[in-house]
Amino acid sequence: MSGSRAAAEEKGDFRQTVQVEVNECKENQNITRVSVSPVQATVLGKTAKVCLVPFSLSNYKLGQLKYLKTPLEKNSNYEVVCKKCKKTAIKKTCGRILTPRMEATSSKAEAMLQKSSLDVHTGSKKQHSDTVIFGVDMESSQDGDSDEDDTSSLDEFSELSPYERKRLKNISENANFFASLQLSESAARLREMIKKRQPPESKRKKPKKRENGTGCRRSMRLLKVDPSGEPLQVTPSPPTIVAKENPLLPSGPLEMTPESEDDNTELFKGFLQIWAKVNKTNRNNTKKELSNIKSYKANLNDMVISEDSVCKIVKGPIFSLALHPSENRTLVAAGAKFGQIGLWDLTQQPKEVGVYVFQPHTQPVSCLYFSPANPAHILSLSYDGTLRCGDFSRAVFEEVYRDERSSFSSFDFLSENAYSLIVGHWDGSMSLVDRRAPDTSYEKLNSSMSKIRTVHVHPVHRQYFMTAGLRDIHIYDARCLKPRGRKPLISFTEHTKSLASAYFSPLTGNRVVTTCADCNLRIFDSSCLSSHIPLLTTIRHNTITGKWLTRFQAVWDPKQEDCVIVGSMANPRRIEIFHETGKSVHSFFGEECLASVCSINTMHPTRYILAGGNSSGKVHVFMN
């Protein structure tokens, strides 16, 4: 009896040990029920098997099982019943196999474990001996391994530390989580959506030709077909010779021949004689005197324009104008963009008879002056790098200075006899030219400017001259120039945008007027040529002419050195005169005769005659 009781206690202790192991498995894996049927779960490429070993539940209830103090020994072997493979094997360390620290069990296994707990509870009521031992076997999911392999894998798994088991569990949970997100399928759908949203290539579809439809009507001349439908005979055209753009004219003197071939030679000879005789009648210039502003305004009010005083004398925009100083005849000279020089005698009627055009240059004629020593000579300077003198007495354009490597911008006379000149280049250099030498000697000098637009000599102290560049104005002394250049005596730095021109006042040179692209006319006090020249007046004036109009250049009236003449962009079109104080003195309107912008203007040195040139080659003359 005592032996049976001991055996029963031993059985009871064994049942308690099994129950404790089952409860531990439930607590660690949150499984509320245990299944008696084998369950397979895939964990990291391995298959987990739940195996059963019979044990007795007779005369015991589930709640009466107590925790066994001593766990199952490592050397105790149990028979593992595998219902799936129907094989037996001796498993060691059953207590460790039953531990629930397996890193991955599927939800299906958890459900089967819940069912097993119900089966265990039912078995306790039947009072028959069943022994249950849970085991887990890891086998490859790719091929069926033997029971020996399963046993070895279980042994290896049982030797893992808690940290490694937890790590494997985290890896399994992360893998299942990312698998549930279905990222690869979402990425594939996004790629398909992007491909569908790509716009088709925008290629212009060619219209389909109508086979039977009637096409548009085409010219038979373009089809090279005569009215009868027969093809025309095409005569081969002679090969075209491509000429250089703006080629230079040959060096040396050029004959003064007009461009129009229909002109009468006798009329042209008479025209030249008129210009040649002016030399005798106007050798002694009238003394220049400064009149008061009231009488000056009264004379300006008497100046009018008519249809006979408007004429187109050159082709293209006018870049320079000059009025002959004759007291008897009104003679106008205009330099055009394409190298032409037009001469117009307003005393002849009809007005077209007194117009002759010559071609001494190939590029814009930017500067045009009558010689102060011989009014029968007209000097012209062009962008093509040539400076010529037109002699009406000999009907020839002589070459004064030539530089094929540089482009000229402006010139002025350094002496009253017109023998020495100062020439400005677009690249910022200067040339001193002496016409008295047999071969016209010159000396090229470098300046401190990057570009020179205009050159003007002081009317009284002729050793000083002024150059206008991009945004700065410099005054030099011709006596102190060196080949390597010299710093200027005075510099103007008040301009914020590009300059168009700068000129001394005509009688005393005590004022300087500048035209700037910032829509301002500035007047400086140059009475004392020191290191600084003060700014007197700033006149607000629209100077933005745009691309197709010649730029404005404000010039002094040679009779009234305190008044400035400049074109205007205002409507109705006009030519304006401002006083040095900034006040408006007079505006020239022409109603129907003046309907365009006169960018270049000049005034007669002794008479009240004003000439304005526009960008289409027309000259407008106001006179009293």
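Bear in mind the structure is a predicted one, so any value in this text is a computation, not a measurement. (Residues numbered from 1 in each chain as written. Predicted model: local features only at pLDDT ≥ 70, side-chain atom pairs only at ≥ 80, totals over all residues. Heavy atoms only, no water.)

Looking now at the overall build of the chain. A count of helical and extended segments in the chain gives eight helices and 34 strands. The 624 residues of the chain split such that 46% are buried. The contacts in the chain between residues at least 6 apart in sequence include a share of 57% that link residues at least 24 apart. When the accessible surface of the chain is totalled, it reaches about 35,400 Å², and 51% of it is carbon and sulfur. (Helix = DSSP H or I, 4+ residues; strand = E, 2+ residues; numbered from the N terminus. Buried < 20%, exposed > 50% of the residue type's maximum accessible area, 1.4 Å probe, protein only. Contact = heavy atoms within 4.5 Å. Areas by Shrake-Rupley, 256 points an atom, 1.4 Å probe, with all protein chains shown as cover.)

On inspection of all chains with the given rule, the structure shows 14 salt bridges. A salt bridge links Asp 391 to Arg 394; its shortest N-O distance comes to 3.1 Å. For the salt bridge of Glu 399 with Arg 402, the shortest nitrogen-to-oxygen distance reads 2.9 Å. Residue Glu 399 is classed as partly exposed on the basis of its relative accessible area of 24%. Overlapping salt bridges, with partners in common, bring together Arg 388, Glu 399, Arg 402 and Glu 404 in one network. (Salt bridge = Lys/Arg side-chain N within 4 Å of Asp/Glu carboxyl O.)

The next subject is the environment of Leu 499. On the secondary structure map, Leu 499 appears in strand β24 (residues 499-504). Taking the C-alpha atoms as reference points, Leu 499 and Asp 472, separated by 27 residues in sequence, lie 7.7 Å from one another. Excluding its chain neighbours within four sequence positions, the residues that come into contact with Leu 499 are Arg 453, Gly 469, Leu 470, Arg 471, Asp 472, Ile 473, Thr 514, Thr 515, Cys 516 and Arg 551.

Pairing between sheet strands relies on hydrogen bonds along the backbone, with the strands arranged either parallel or antiparallel. Across the sheet, which stays open at both edges, the four strands sit in the order β28-β29-β30-β31 with antiparallel pairing between neighbours. Two strands lie at the open edges of the sheet, namely β28 (555-557) and β31 (584-589), each paired on one side alone. Across this sheet, the average inter-strand angle for adjacent strands is 30°, counted without regard to direction. Pairing of strand β30 (residues 574-579) with β31, which is carried by five bridges, proceeds in the antiparallel orientation. (Pairing = 2+ DSSP bridges. Axes fitted to C-alpha atoms, helices over the stretch in contact; angles between N-to-C directions.)

What follows covers the state of the cysteines. Cysteine pairs can be linked by a disulfide, which is a covalent bond between their two sulfur atoms. Applying the stated criterion to the full structure yields zero disulfides. Here Cys 519 stays unpaired: no disulfide links it, and the sulfur of Cys 516, its closest cysteine neighbor, is 8.7 Å away. Owing to a relative accessible area of 13%, Cys 519 belongs among the buried residues under this scheme. (Disulfide = S-S within 2.5 Å.)

Here we come to the environment of Phe 370. Here Phe 370 shows up in strand β12 (residues 365-370). Residue classification places Phe 370 among the buried positions, given a relative accessible area of 11%. Expressed as a C-alpha distance, the spacing of Phe 370 and Ser 380, which sit 10 residues apart in the sequence, is 8.8 Å.

The subject of this paragraph is the confidence of the model for the chain. When pLDDT is averaged along the chain, the result is 76; 66% of the residues meet or exceed 70. Confidence over residues 1-46 falls short of pLDDT 50; this stretch has 108 contacts with residues more than four positions distant or in other chains. Contacts of residues 239-244 to residues separated by more than four positions or lying in other chains number zero contacts, the stretch itself having pLDDT below 50. (pLDDT = per-residue confidence, 0-100.)

On the surface, Glu 307, Asp 308, Glu 591 and Glu 592 cluster together into a patch of negative charge. Tracing the backbone through its elements, the reader meets Glu 591 in the loop between β31 and β32 (600-603). (Patch = residues over 30% accessible without salt bridge, like charges linked within 9 Å, V, L, I, M, F, W, Y side chains within 5 Å. Lys, Arg positive; Asp, Glu negative; His and termini not counted. Charge placed at Lys NZ, Arg CZ, Asp CG, Glu CD.)

Another aspect to go through is the sheet that holds strand β19 (residues 441-446). Ordered by their spatial adjacency, four strands build an open sheet running β16-β17-β18-β19, and the pairing between neighbours is antiparallel. Sheet topology places β16 (408-413) and β19 at the edges, where each strand pairs with a single neighbour. Along the sheet, successive strands turn relative to each other by an average axial angle of 20°, direction set aside. One ladder, built from five bridges, connects β16 with strand β17 (residues 420-425); its direction is antiparallel. Residue Phe 408 lies in a different strand from β17, and its bridge partner there is His 425.

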